[in-house]
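# Coordinate analysis (summary)
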Amino acid sequence: MKRISTDQAQEDLLALIDELDDQGVVITDDGKPVARLSKYPSKFAKYIGSLKDEIEINGDIMDVRDQWEKGRQW
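Residues numbered from 1 in each chain as written. Predicted model: local features only at pLDDT ≥ 70, side-chain atom pairs only at ≥ 80, totals over all residues. Heavy atoms only, no water.

Moving on, we come to the pattern of salt bridges. This structure, assessed with the given rule, holds two salt bridges. Here Lys-52 makes a salt bridge to Asp-53, at a shortest N to O gap of 3.6 Å. Overall, the relative accessible area of 68% leaves Asp-53 in the exposed class. (Salt bridge = Lys/Arg side-chain N within 4 Å of Asp/Glu carboxyl O. Buried < 20%, exposed > 50% of the residue type's maximum accessible area, 1.4 Å probe, protein only.)

Right under this line is the structure:
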């Protein structure tokens, strides 16, 4: 796992994020580990918020269950 100082992390944070591998990066202060930077642990992380302002919910989404049980065809 790559190790960098807090000073280097502060200077290069955006580049560190762009180049982040699966192991992540340990950030050290005076040679002692203080933090770890790692990827978000979800294969779907890039989709979080991707449909914001694109979909609309009309009515009570839980109400669909009652209509389904009554045999309504969609």
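Here Asp-30, not a glycine, exhibits a phi torsion of approximately 55°, which is positive. You can see Asp-30 is positioned in the loop between strand S2 (25-29) and strand S3 (32-37). You will see that Asp-53, though not glycine, has its phi angle at about 65°, which is positive. With respect to the helices and strands, the residue Asp-53 is situated in the loop between S3 and helix H3 (64-69). (Helix = DSSP H or I, 4+ residues; strand = E, 2+ residues; numbered from the N terminus.)

Purely geometric numbers; function is a separate question.
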